[in-house]
Amino acid sequence: MVTSLRRSRLEFLQVLLLTILGFAVMGYHPGLEDDGVYLTAIKADLNPSLYPHDQNFFELQLQATLFDGTMARGITLTGIPVAWAELLVQFGSIFLILWSCLQIAKHLFADATARWAGVAFTSAMMTLPVAGTALCLVDQHLHPRNVATALILFAVSRILAEKRWQAVPLLLLAFAFHPIMAAMGISFCFFLTFVTTNALVKLVGSFRGSAAALVPLGWLFESPTPVWHRALETRSYFFLSRWSWYELLGAFAPLFLFGLLGYIARRQGKTKLAQFAVAVFAYGVFQQAVAIVILTSPALIRLTPLQPMRFLHLIYFFLTLVAGCMIGQYILRDSAWRWALFLLLTNGSMFASQRALYSSSEHLEVPGRQTSNPWVQSFAWIRQNTPTSAYFAMDPNYLAAPGEDYHSFRALAERSQLADAIKDTSVVTQVPELGPVWQRQVDAAHGWNTFQLNDFERLKSDFGVDWVLVSHPPPAGLDCKWHNNTVSVCQIPAN
């Protein structure tokens, strides 16, 4: 008993160290990309006076998740500041992901060296892109997908431990946070249970509709509008036909590899590993077939935003874990210098890729740290020095501006803005009713770089915006309150 407790404590510390290493390698960027929706929603839940002009651009999309409400209630109960709460939940999600990977590896590999190599490899590769899905294994900011992934992987470990009923509440909780990813997890857990028990499951029919059938969105079968099509066209990764050859290879090769692994493991008498590989293969083939039907059928085009190819996310997790385990078993073994080289190469290469990707921002944008990103500096000034009722206009493509690094204005400045042409398009594909509003606002700001005072006055007259974020030096006639070398924060003068 003492030895078991000591072993558990040691494992806890080892996973904690790998969590710290993985977190340091992948970086942390609150307010980045999708966090522009989730962090904004959390802040709106905590302070309803925020975002009086554009709440629909984040509230409607989150009707199917309890994530923002749960975070807001937790922050209210604990008194932890939003920024620290996000950081703690992100770190906790990474820890649970790696802990679950260790538990899965224990059932698949007898060698302890193999298990830890698998967890270490997964820790290093958390920002690995998943084929052409626009996903990586773990987001560099708090995302309900991270939380749902941790719960799904833990559920998988419970099934492998033959404690299947423990997986049910974990999957239900994952579904409450991220329905689409949880539906993929439920689908995989069905195949894993089927393979490991060799029994028919009466509920198989309920899964035939795949993840798409599990998301209760009534708009899915309505006729799509031209505006919705316009928004959809900005998301090329939704369409399998537009993937590059190497992205298609990344979609199909893992299925072949797991099929091959299942065959080899069974011949070697490694029953658990063989069953797991067969479950991954069967899940992948099934979901791939469903995805092809959805993405090639015009009648099902409204299902496209559910991104059925994202079933690859789980497969890539398992591929990374198993590959790491095999590296440990057959290459690293007990060699200290091989382990050192392995950790240096994997962590070093992924760290370098993240620094190149977000070169204008601190690698770890933790609370209390001053930022050198000029755009984030302007967002901080706006948050601290403008009224909560302020309504901003800016370049619809500001997220892709040099040095911006895809930081969300709404999430970090905590102010309303006219719709953008990059992130808000994703919201429109999920909530088509926003299409006309989005189109009108984006079109009104077309040609932003050539705008003069009369153009800003037109936006004020048409939409009620009273502040603008423009490049520095600003156009003549604006009442500018702050600037750095990149952007200026200005008011539109009263008529």
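Structure's up top.
Here's what I pulled together on the structure shown here. Numbering of residues starts from 1 in each chain and follows the order in which that chain's sequence is written. Local features in this predicted model are restricted to residues of pLDDT 70 or higher, and side-chain atom pairs are both shown and tallied only at a pLDDT of 80 or more, whereas totals for entire chains, interfaces and linings draw on every residue. By convention in this description, side-chain values take in all heavy atoms of the structure and omit both hydrogens and water.

**Remarks on the overall build of the chain**
Here a helix means four or more residues in a row that DSSP labels H or I, a strand means two or more in a row labelled E, and each is numbered from the N terminus. Within the chain, the secondary structure is distributed over 19 helices and 5 strands. Any residue under 20% of the maximum accessible area for its type is buried, any over 50% is exposed, and the rest in between are partly exposed; the area is computed with a 1.4 Å probe on protein chains only. Taken over 495 residues, the chain has a buried fraction of 55%. Here, residues are in contact when the closest pair of their heavy atoms is within 4.5 Å. Relative to all contacts within the chain whose residues are 6 or more apart in sequence, the contacts with residues 24 or more apart total 72%. Calculation of accessible area relied on Shrake-Rupley with a 1.4 Å probe; when residues are assessed, cover is drawn exclusively from the protein chains displayed. Per element, the accessible surface of the chain, about 21200 Å² overall, is 62% carbon and sulfur.

**Topic: the packing of aromatic side chains**
Aromatic pairing here means that ring centres of Phe, Tyr or Trp (its six-membered ring) are within 6.5 Å. Orientation follows from the plane angle: under 30 degrees is stacked, over 60 is edge-to-face, and everything else is tilted. Evaluation of the coordinates by the stated rule reveals 25 aromatic pairs. Seen in terms of ring centroids, Phe392 and Phe409 are 5.2 Å apart; in terms of plane orientation they differ by 55°. Their pairing is tilted. With Phe392 in strand β1 (residues 391-394) and Phe409 in helix α16 (residues 409-413), this pair connects stretches of sequence that are 17 residues apart. As far as the burial class goes, Phe392 and Phe409 line up, both buried.

**Points about unusual backbone geometry**
Note that the residue after His472, namely Pro473, is joined by a cis bond; omega there is 0°. Within the secondary structure, Pro473 sits in the loop between β3 (467-471) and β4 (479-483). Not every positive phi belongs to a glycine, and Glu33 is a case in point at roughly 45°. Here Glu33 shows up in the loop between α1 (2-26) and α2 (35-46). Among the residues examined, Glu33 registers a relative accessible area of 34% and is labelled partly exposed. Residues other than glycine seldom take positive phi values, yet Tyr51 does so here, at roughly 55°. As for its placement among the helices and strands, Tyr51 is situated in the loop between α2 and α3 (56-59). By relative accessible area, Tyr51 is classed as buried at 0%.

**Comments concerning the state of the cysteines**
One covalent bond between the sulfur atoms of two cysteine residues makes up a disulfide. A pair of cysteine sulfur atoms is labelled a disulfide when the two atoms are within 2.5 Å. Taken as a whole, this structure holds 1 disulfide when the rule is applied. In this model, Cys480 is linked to Cys490 through a disulfide, with the two sulfur atoms separated by 2.0 Å. Every disulfide takes its handedness from the sign of the S-S torsion; for Cys480 and Cys490 that torsion is 85°, giving right-handed. Separated by 10 residues along the polypeptide, Cys480 in strand β4 and Cys490 in strand β5 (residues 487-491) bring together distant segments of the chain. With relative accessibility at 32%, the residue Cys480 sits in the partly exposed group. This cysteine, Cys101, is not joined by any disulfide, and Cys325 carries the nearest cysteine sulfur, 8.8 Å off.

**Some thoughts on the nonpolar core**
Take the buried Ala, Val, Leu, Ile, Met, Phe, Trp, Tyr and Cys residues and link them wherever side-chain atoms come within 4.5 Å; each set so joined is a nonpolar core. Ranked by size, the top nonpolar core spans 128 residues in total, and within it Ile104, Val156, Phe188, Phe276, Phe318, Phe409 and Leu469 carry the most contacts. Top contributing element to this core by residue count: helix α5 (residues 82-108), with 13 residues. Beyond its immediate sequence surroundings of up to four residues, Phe188 is in contact with Val156, Phe276, Ala279, Val280, Tyr283, Leu314 and Phe318. In terms of nonpolar packing, the next biggest core, distinct from the first, is built from 16 residues, Ala445, Leu459, Val465 and Ile492 among them.

**Comments concerning the packing of α5 against helix α13 (residues 312-332)**
Angular values range over 0 to 180 degrees, each being the angle between N-to-C directions of two axes fitted as lines to C-alpha atoms, with helices fitted over their stretch in contact. Running from N to C, α5 and α13 cross one another at 60°; their axes reach a closest spacing of 11 Å. When the axes of α5 and α13 are compared, the pair comes out oblique. Crossing angle aside, the handedness with which α5 passes α13 is right-handed. Taking contact as the criterion, the partners of Ile97, Cys101, Ile104 and Ala105 in α5 are, on α13, Phe317, Phe318, Leu321 and Cys325. Residue classes in the contact of α5 with α13 are distributed as 8 nonpolar, no polar and no charged. We call two directions roughly parallel when the angle between them is under 35 degrees, roughly antiparallel when it is over 145, roughly perpendicular when it lies between 65 and 115, and oblique otherwise. Two helices cross in a left-handed way if the nearer one is turned anticlockwise from the farther one by less than a right angle. They cross in a right-handed way if the turn is clockwise. Residue polarity follows a fixed list, in which Ala, Val, Leu, Ile, Met, Phe, Trp, Tyr, Cys and Pro are nonpolar, Asp, Glu, Lys and Arg are charged, and the others, Gly among them, are polar.

**Description of the pairing of β3**
Regular strands show a simple pattern: their side chains alternate between the two faces of the sheet. Judged by how many residues are buried, β3 sits mostly within the fold: 4 of 5 residues are covered. When DSSP finds at least two bridges between two strands, those strands are taken to pair. Of the strand pairs in this sheet, β3 and β5 are connected by 5 bridges, and their pairing is antiparallel. Its bridge partner lying in β5, Ser471 is registered against Val487.

**Here's the deal with the pattern of salt bridges**
A pair is scored as a salt bridge if a Lys or Arg side-chain nitrogen falls within 4 Å of a carboxyl oxygen belonging to Asp or Glu. Counted by the stated rule, this structure contains 9 salt bridges. When the shortest N-O distance is used, the salt bridge between Lys106 and Glu11 registers 2.9 Å. Separated by 95 residues along the polypeptide, Lys106 in helix α5 and Glu11 in helix α1 bring together distant segments of the chain. Judged by its relative accessible area of 28%, Lys106 is partly exposed. A salt bridge links Lys481 to Asp479, with the shortest nitrogen-to-oxygen separation between them at 3.0 Å. Bridged by salt links that share partners, the residues Asp34, Asp139, Arg145 and Lys423 form one connected network.

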